[in-house]
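What follows is the residue order along each chain.
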Amino acid sequence: MTVRRQLEIISRTKGNTIPKTSIQAFLSRLIDYAGLFPPASLPLETSIRNYITYQTCKDSWMLGRFIIPAVQLDGLASYVSLFSNDQPLRISAIGRRSDNAVTCLKGLYDDLEKIISFRHNHRDAIKIDVFEMPLPPVSPVRNLLETIAVETAKCDLQTFCEATVPVDADWEDHMIETLDAIAVHNRDSKTILGFKLRTGGITANAFPTPEQVAAVLIGCRDRNIALKFTAGLHHPIRMYRDEVNAQMHGFLNVFTAGLLANVHNLDVWKTAEILADESPASFSFTDQGLAWRNLTVPVSEIMRLRESALCSYGSCSFDEPRDDLRMLEIYNTEENLK
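Notes on the structure in this doc start here. Since the structure is predicted, the reported quantities are computational estimates derived from the model, not experimental observations.

Core analysis: the biggest nonpolar cluster contains 95 residues, and Leu 27, Phe 66, Leu 76, Phe 195 and Phe 229 have the highest contact counts within it. Here this core gets 8 residues from one element, more than from any other, and that element is helix α8 (residues 251-264). Sequence-distant contacts of Phe 66, that is, excluding residues within four places in its chain, are made with Tyr 33, Leu 36, Leu 44, Ser 47, Ile 48, Tyr 51, Leu 76, Leu 89, Arg 90, Ile 91 and Ser 92.

Written out as structure tokens, the structure reads:
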């Protein structure tokens with residue numbers, strides 16, 4: 001994404017009409033639907049038909065993009081007629097994984113060719129505007145980042161790079177090293193890269209600690225890097241789940257921590273405290289803003305930061321997050337849309 005594009009987003013946000021409630025600002029297009037991915041691992045037809053259903057439900061305003069590997073785009077061809085210019089299929093395409101810079105770039109060019117071809121064939125019924133790029137599991141190379149940024153910008157894609165390393169003793173160091181490299185690139189380039197953080201998976205060892213997630217939130221804040229999330233955020237509040245034998249992060253914790261860290265310049269430890277909080281009573285939404293205990297974020301800042309800094313998260317379920325919000329009485333369809 002170019003600097004000009006980033007400034008257009010911020011400018012547009014400032015001019016928007018503020019929603020009536022903070023929860024609308026917080027949840028707007030928050031959940032990118034990733035039904036193709038574990039643990040759901042649904043067939044393409046089931047996933048795309050689910051997405052169509054979600055586009056027309058009362059909570060459709062919470063729905064973000066349809067997440068699909070770029071290599072699978074052609075499989076969507078027979079479903080494009082179900083979408084239109086007024087209600088397009090909004091896509092975040094995922095690049096393929098690689099072991100080194102050479103195979104990474106080869107995969108990148110192949111994926112962009114798929115995106116260009118699919119756009120050309122289907123025009124206004126689809127909109128591919130986000131690209132999620134897994135980096136090789138090695139120290140980030142400046143030239144590689146530059147090529148990724150330049151080539152995806154040519155396709156008018158907002159690009160988020162993921163550091164694909166295991167959650168071990170070196171995880172945090174690698175995250176910060178990657179953020180530093182992206183920050184240097186963004187500072188010296190006309191094209192801007194964001195960062196994608198994996199907050200869990202299907203096994204316990206895939207979940208970073210609250211302190212580790214906090215380090216990335218603060219790292220992105222201090223380097224002015226836009227952030228999106230994936231994996232392990234099915235539920236609003238942090239909790240233990242038997243299916244993974246681990247504490248799972250809550251999406252309400254993660255985004256609230258990110259918002260408050262930006263607005264109040266919180267340190268890693270206070271940010272980690274918000275991430276680790278398992279009490280729904282600590283979080284509240286009002287017409288004026290979002291609160292965690294005695295710290296608040298006004299609606300205008302929620303809007304600004306959701307657009308420019310804390311963009312969305314991928315979830316293989318669109319139902320579980322909403323069902324949990326209602327069960328916890330955080331969100332009610334009728335009341336919150338008044």
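Having seen it, we continue.
It is worth spelling out unusual backbone geometry at this point. For the bond running from Pro 38 to Pro 39, omega is 0°, close enough to zero to count as cis. Along the chain, Pro 39 turns up in the loop between β1 (31-33) and α3 (44-55). Of note, Arg 123 is a non-glycine position whose phi angle comes to about 50°, a positive value. Within the secondary structure, Arg 123 sits in the loop between α4 (101-122) and β4 (126-135). Assessed through its relative accessible area of 53%, Arg 123 is described here as exposed. Of note, the phi angle at Ala 231 is positive, near 70°, even though the residue is not glycine. Positionally, Ala 231 belongs in the loop between β7 (227-230) and β8 (239-241).

As for its placement among the helices and strands, Asn 253 is situated in helix α8. Polar contacts involving the side chain of Asn 253 include one to the main-chain carbonyl oxygen of Leu 275, which spans 3.3 Å. Ignoring sequence-local partners within four residues, the contact set of Asn 253 consists of Pro 236, Ile 237, Arg 238, Ile 274, Leu 275, Ala 276, Asp 277 and Phe 283.

Let us look at the environment of Ile 148. The topology assignment puts Ile 148 in helix α5 (residues 142-154). Not counting residues up to four positions away in its chain, the partners in contact with Ile 148 are Cys 104, Leu 108, Met 133, Leu 135, Thr 159, Cys 161 and Leu 193.

What follows is about α4. Its 22 residues place the ends of α4 31 Å apart at the C-alpha level, agreeing with the 32 Å of an ideal helix rising 1.5 Å per residue. Its side-chain oxygen at 3.1 Å from the backbone nitrogen of Val 102, Asn 100 defines the N-terminal cap of α4. Once α4 ends, the next one or two residues include Arg 123, with phi positive near 50°.

Quick notes on the rules
- Residues numbered from 1 in each chain as written.
- Predicted model: local features only at pLDDT ≥ 70, side-chain atom pairs only at ≥ 80, totals over all residues.
- Heavy atoms only, no water.
- Core = buried A, V, L, I, M, F, W, Y, C linked by side-chain atoms within 4.5 Å.
- Buried < 20%, exposed > 50% of the residue type's maximum accessible area, 1.4 Å probe, protein only.
- Helix = DSSP H or I, 4+ residues; strand = E, 2+ residues; numbered from the N terminus.
- Contact = heavy atoms within 4.5 Å.
- Polar contact = N/O pair within 3.5 Å; in protein donor to acceptor, adjacent residues only side chain to side chain.
- Expected span 1.5 Å × (residues − 1).

Function cannot be read off these values alone, since they describe shape.
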